[in-house]
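# Structural overview for review
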Amino acid sequence: MAELERMETRRLASQLRRSYEGQAWHGPSLRELLDGVTSEQATAKPVAGAHSIWELVLHLTAWEREALAVLEGKKYETLAGAKDWPPVSESWQSTLDDLEGVTRALVTAIRAMPEEKLNELAGGAEYNFHFMLHGIVQHNLYHAGQIAILKRAQT
């Protein structure tokens, strides 16, 4: 069991990376889903009341950035309003580059963190880093499914 515990940060980093790029068990990763999506497709809202692909990518980036900041010592804050759903304000390519950069930085930070930190409360939140980081992976996969549906609705 101790060996498994020592491997958990590597496993979490791998799961996060796979949610973004590479061989994910669930289906296409975020990067695969976003490959070839134009800015017009990204802003489209083919499902009434649903967010656009662009809005979803900004939302994912915001939460990964928050998780990274908390890992680096920031007090945890539940994102709300424009922090949770940032407005579209830059180019589509910049938005994609930002998601990639934040994801890579978070994967690197998870790999570097000591295993013991997984049991610590995440920046004062009611849960620990282990729970938060699994939540980030699950959050990515949840929204990846939405992106897949939005893409399909446009064909």
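Below: a short report on this structure.

Quick notes on the rules
Residues numbered from 1 in each chain as written. Predicted model: local features only at pLDDT ≥ 70, side-chain atom pairs only at ≥ 80, totals over all residues. Heavy atoms only, no water. Helix = DSSP H or I, 4+ residues; strand = E, 2+ residues; numbered from the N terminus. Buried < 20%, exposed > 50% of the residue type's maximum accessible area, 1.4 Å probe, protein only. Contact = heavy atoms within 4.5 Å. Areas by Shrake-Rupley, 256 points an atom, 1.4 Å probe, with all protein chains shown as cover. Lys, Arg positive; Asp, Glu negative; His and termini not counted. Charge placed at Lys NZ, Arg CZ, Asp CG, Glu CD. Axes fitted to C-alpha atoms, helices over the stretch in contact; angles between N-to-C directions. Parallel < 35°, antiparallel > 145°, perpendicular 65-115°, else oblique. Expected span 1.5 Å × (residues − 1). Polar contact = N/O pair within 3.5 Å; in protein donor to acceptor, adjacent residues only side chain to side chain. Phe/Tyr/Trp six-rings, centres within 6.5 Å; stacked < 30°, edge-to-face > 60°. Lys NZ or Arg CZ within 6 Å of the ring centre and 35° of its normal.

Attention now moves to the overall build of the protein chain. In terms of helices and strands, the protein chain carries 6 helices and 0 strands. Its helices and strands in sequence order give the protein chain the pattern α-α-α-α-α-α, from N to C terminus. Along the three orthogonal principal directions, the C-alpha set of the protein chain runs to about 50 × 30 × 25 Å. A total of 155 residues make up the protein chain; the buried ones form 41% of that total. Taking contacts inside the protein chain between residues at least 6 apart in sequence as the whole, the part at least 24 apart equals 71%. For the protein chain, the accessible area works out to roughly 8,500 Å², and carbon and sulfur atoms hold 55% of it. Each charge class in the protein chain was averaged separately, 16 positive and 21 negative side chains, and the resulting centres sit 3 Å apart.

Okay, the packing of helix α4 (residues 53–71) against helix α6 (residues 129–153) next. Where α4 meets α6, the axes come as close as 10 Å, and the angle between the chain directions of the two elements is 170°. By the angle between their axes, α4 is roughly antiparallel relative to α6. Residues Ile53, Leu56, Val57, His59, Leu60, Trp63, Glu64, Ala67, Val70 and Leu71 of α4 lie in contact with α6, whose contacting residues are Phe129, Met132, Leu133, Ile136, His139, Asn140, His143, Gln146, Ile147, Leu150 and Lys151.

All right, on to α4 then. With 19 residues, α4 ought to run about 27 Å at 1.5 Å a step, and its terminal C-alpha atoms sit 27 Å apart, in line with that. Burial runs high along α4: 17 of the 19 residues are buried. Positive backbone phi, approximately 115°, marks Gly73, located one or two places after α4.

Okay, the environment of Trp63 next. Note on placement: Trp63 falls in helix α4. Classification of Trp63 by relative accessible area gives buried; the value is 15%. Along the primary structure Trp63 and Asn140 are separated by 77 residues, whereas in three dimensions their C-alpha atoms are 9.4 Å apart. The residues contacting Trp63, other than those within four sequence positions of it, are Tyr76, Glu77, Thr78, Leu79, Asp84, Ile136 and His139. Here the side chain of Trp63 touches Asp84 through a polar contact of 2.7 Å, side chain to side chain.

On to the packing of aromatic side chains. Taken as a whole, this structure holds 3 aromatic pairs when the rule is applied. Among the aromatic side chains, those forming a connected cluster through ring pairs are Tyr76, Tyr127 and Phe131. Across from the ring centre of Phe129, 5.1 Å away, lies the NZ or CZ of Lys117, which sits over that ring.

You can see Ser19 is positioned in helix α1 (residues 2–20). Among the polar contacts listed, one links the side chain of Ser19 to the backbone oxygen of Leu16, at a separation of 2.7 Å. Ser19 has contacts with Ser29, Leu30, Asn140 and Leu141, leaving out every residue within four places of it along the chain.

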